[in-house]
Amino acid sequence: MGGYDTYQTPLDSRYSSEEMKRLFGRRSRHGTWRKLWLWLAEAEKECGLDISDEAISQLASHLEVTDEDFELAAQEEKRRRHDVMSHVHVYGLSAPAAAGIIHAGATSCYITDNTELILMKEGLDLLLPKLARVIYILSEFAMKWRYEPTLGYTHYQPAQMVTVGKRAAGWIQDLMMDLEDIERAREDLKFRGAQGTTGTQASFMELFRGDEAKIDKLNVLLCEKAGFKDCYSVSTQTYTRKVDLRLANAITGLGATVQRLTSDIRHLANMKELEEPFEKDQIGSSAMAYKRNPMRSERLCSLGRKLASLPVNFSNTYSSQWLERSLDDSSFTDALLLGLENVANGLVVYPKRIDAHNMLQREELPFMITENVIMKIVSKGGNRQEAHEKVRVLSHEAGHVVKHEGGQNDLIERIKKDEYFKPVWDELDEMMDPKLYIGRSARIVEKFCGQGSVVEQRLSPYKSYISKAGTAELNV
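On a predicted model such as this, the values are computed, not experimentally measured, just so you know.

*Asks:* Account for the overall build of the chain, naming residues and giving values.
*Replies:* The helix and strand tally for the chain stands at 22 helices and four strands. Computed over its C-alpha atoms, the radius of gyration of the chain comes to 31 Å, more than 25% above the 23 Å expected for a compact globule of 476 residues. Dimensions of the chain, computed from the C-alpha atoms along their principal axes, are close to 100 × 55 × 40 Å. Of all 476 residues assigned to the chain, the portion counted as buried reaches 47%.

*Asks:* Tell me about the environment of Leu 459, residues and numbers included.
*Replies:* Within the secondary structure, Leu 459 is located in the loop between helix H21 (454-458) and helix H22 (463-468). Residues contacting Leu 459, with those up to four places away along its chain left out, are Ala 132, Ile 135, Tyr 136, Leu 179 and Ile 466.

*Asks:* Can you lay out the side chain of Ser 297 for me, pointing to particular residues and giving the numbers?
*Replies:* For Ser 297, the position within the fold is in helix H12 (residues 295-308). In contact with Ser 297, other than residues within four places in its own chain, are Thr 262, Ile 265, Arg 266, Glu 276 and Val 343.

*Asks:* Any chance you could break down the nonpolar core for me, citing the residues and the numbers?
*Replies:* Counting 99 residues, the largest nonpolar core has Ile 135, Leu 138, Ile 172, Leu 175, Phe 191, Leu 218 and Leu 222 as its most contacted members. In terms of nonpolar packing, the next biggest core, distinct from the first, is built from 22 residues, Leu 151, Ile 374, Ile 377 and Leu 411 among them.

*Asks:* Can you lay out the packing of aromatic side chains for me, pointing to particular residues and giving the numbers?
*Replies:* Applying the stated criterion to the full structure yields five aromatic pairs. Relative to Tyr 156, the ring of Tyr 153 has its centre 5.6 Å away and its plane inclined at 35°; by these criteria the two rings are tilted. Tyr 153 sits in the partly exposed class, given a relative accessible area of 26%. Each ring, one from Phe 191 and one from Phe 228, has its centre 4.9 Å from the other, and the planes form 25°; the classification is stacked. Residue Phe 191 is located in the loop between helix H8 (164-188) and helix H9 (202-207), and its partner Phe 228 is located in the loop between helix H10 (212-226) and helix H11 (242-270); the two are separated by 37 residues in the primary sequence. Of the two residues examined, Phe 191 and Phe 228, each falls in the buried class. Taking NZ or CZ as reference, Lys 121 lies 5.1 Å from the ring centre of Phe 228, over its face. Across from the ring centre of Phe 278, 4.4 Å away, lies the NZ or CZ of Arg 292, which sits over that ring.

*Asks:* Quick one: what's the story with H12, residue by residue and with numbers?
*Replies:* Taking 1.5 Å of rise per residue, the 14 residues of H12 would be expected to cover 20 Å, and the 20 Å separating its terminal C-alpha atoms lies within 8% of that figure. Every buried residue belonging to H12 is among Arg 296, Ser 297, Arg 299, Leu 300, Cys 301, Leu 303, Gly 304 and Leu 307, and all of these are buried.

*Asks:* Could you give an account of unusual backbone geometry, naming the residues involved and the relevant values?
*Replies:* The residue Arg 81 is not glycine, and still its phi comes out positive at about 55°. Note that Arg 81 resides in the loop between helix H5 (67-80) and helix H6 (83-94). Not every positive phi belongs to a glycine, and Tyr 156 is a case in point at roughly 55°. Structurally, Tyr 156 can be placed in the loop between strand S1 (149-154) and strand S2 (157-163). The class of Tyr 156 is partly exposed, set by a relative accessible area of 47%.

*Asks:* Before we move on, could you go through the packing of helix H3 (residues 26-46) against helix H7 (residues 108-144) and cite the residues and values that matter?
*Replies:* Where H3 contacts H7, the two axes come as close as 9 Å, and the packing angle between them is 115°. Viewed along their axes, H3 and H7 adopt a mutual orientation that is roughly perpendicular. Seen along the crossing, H3 lies across H7 with a hand that is right-handed. Side by side, H3 and H7 meet where Ser 28, Arg 29, Thr 32, Trp 33, Leu 36, Trp 37, Trp 39 and Leu 40 of the first sit next to Tyr 110, Ile 111, Thr 112, Asn 114, Thr 115, Glu 116, Ile 118 and Leu 119 of the second. For the contact of H3 with H7, a count of residues per class yields nine nonpolar, five polar and two charged.

*Asks:* Quick one: what's the story with the environment of Thr 150, residue by residue and with numbers?
*Replies:* Summarising the element assignment, Thr 150 is placed in strand S1. With 23 residues separating them along the chain, Thr 150 and Leu 127 place their C-alpha atoms 33 Å apart. Discounting residues that sit within four places of it in the chain, Thr 150 has contacts with Met 161, Val 162, Thr 163, Val 164, Arg 167, Glu 273, Ile 354 and Asn 358.

*Asks:* Go over the packing of helix H17 (residues 370-379) against helix H18 (residues 384-405) with me, naming the residues and quoting the values.
*Replies:* Packed helix pairs are characterised by how far apart their axes lie and by the angle those axes make with each other. At their nearest, the axes of H17 and H18 sit 9 Å apart, and the two run at 145° to each other. For the crossing formed where H17 meets H18, the hand is right-handed. Two secondary-structure elements touch here, H17 through Thr 370, Ile 374, Met 375, Ile 377 and Val 378 and H18 through Arg 384, Ala 387, His 388, Val 391 and Ser 395. The residue inventory of the contact of H17 with H18, partitioned by class, reads six nonpolar, three polar and one charged.

*Asks:* So what's going on with the pairing of S1? Residues and values would help.
*Replies:* Note: S1 against S2, five bridges, orientation antiparallel. Considered in S2, the bridge of Tyr 153 is made with Pro 158. Joining the antiparallel neighbours S1 and S2 is a turn of two residues, in which His 155 adopts a positive phi near 60°.

Conventions used here
- Residues numbered from 1 in each chain as written.
- Predicted model: local features only at pLDDT ≥ 70, side-chain atom pairs only at ≥ 80, totals over all residues.
- Heavy atoms only, no water.
- Helix = DSSP H or I, 4+ residues; strand = E, 2+ residues; numbered from the N terminus.
- Rg over C-alpha atoms; globule rule 2.2 N^0.38 Å.
- Buried < 20%, exposed > 50% of the residue type's maximum accessible area, 1.4 Å probe, protein only.
- Contact = heavy atoms within 4.5 Å.
- Core = buried A, V, L, I, M, F, W, Y, C linked by side-chain atoms within 4.5 Å.
- Phe/Tyr/Trp six-rings, centres within 6.5 Å; stacked < 30°, edge-to-face > 60°.
- Lys NZ or Arg CZ within 6 Å of the ring centre and 35° of its normal.
- Expected span 1.5 Å × (residues − 1).
- Axes fitted to C-alpha atoms, helices over the stretch in contact; angles between N-to-C directions.
- Parallel < 35°, antiparallel > 145°, perpendicular 65-115°, else oblique.
- Left-handed = near helix turned anticlockwise from the far one by under 90°.
- Nonpolar A, V, L, I, M, F, W, Y, C, P; charged D, E, K, R; others polar.
- Pairing = 2+ DSSP bridges.

By themselves, these figures tell us nothing about what the structure is for.
Structure representation (structure tokens):
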């Protein structure tokens, strides 16, 4: 059958990067199995076991699993019903001098669990620079638009003015938290090492005739070869699945962040203030030719929701690990970051539309300036509570005109007719400039995203990657 005849996951065929798919592909995974067998043999030899140089040489010369090896392993697994032992047998055919010592002292989880830890570590090393680049791109965007006033919303109701850049800085802060959580999870990852069938190292006690120092040295050597700083102090047959849960919680938090961020973009696209990239020949709808549906952000929301839902699976797996082990173990993040970088790199702001929207929001702006009106009355000797009550009454009267009569918001005219507010009448028109109500938005963005900022310092380990990486391209 051809590639169009059988099911393929969209995560593979449409969304994920080539490097992530290669990392978790069968050749990479089973090639890591062979590295672990080589490392075990090398370490056992260094600790005094009688393993020939030729055995080590043959193991080292056949680390790549060939297509023929996979075919042979499939035949062996069908016969033996054991995936690890089928590959032990095939590796032994390629390295006959080592056939008798491959897997000595080990259990299947020496291979499978250590491989998972290695792949997780290398996967995180692929993700972290990508996340850092997204943060960098959005920081540039935030700095560019830090002075652009736009209406803020709370409870999805018009609130006070913010700026386009200030809103983006909020997205960046959440992504920075994700970066820190994932970095911490990466830093905390350890190795399972060689622990025997139930984590007691009994098989290695037999191999090394009770010499515990050699067993400790064995695991030190294995950690060095695999690139880990240490082994987990206690293992059963597996490393504790609490590791998976902790890592999942760190990574899947990014899914929630991306949902929140791209939902904002979708809402702003509806108001035509902000758009994700939309290409020259792109079609927004098969029926409504005028439409510019935010398909990238919609896709990211969907992937983010799926990613954010995954921790319950890891929690269930962890909680069902009976005693020393039960067998019910079970790359959205990569796809998310590819899509998010693509969106962030092509965000389009429409300042004229924002200005027009701000002008339309003069329906709301009179309400927004009332706090300043009250403060000005107080500064001129007025009573704050009296001013607040008068503003409240006039605001409700103006709101009644808008809601029940279909009229314009006439709050400013009402204030101008009320003698109580005479001390500020001359200042009311000037107070209707939206830029007066952005507070310290621009300064907040500069301190967080600008030169010498928190973001710049935090991204310094990824500076080389950020400068060299090209724009992420979508497959579809």
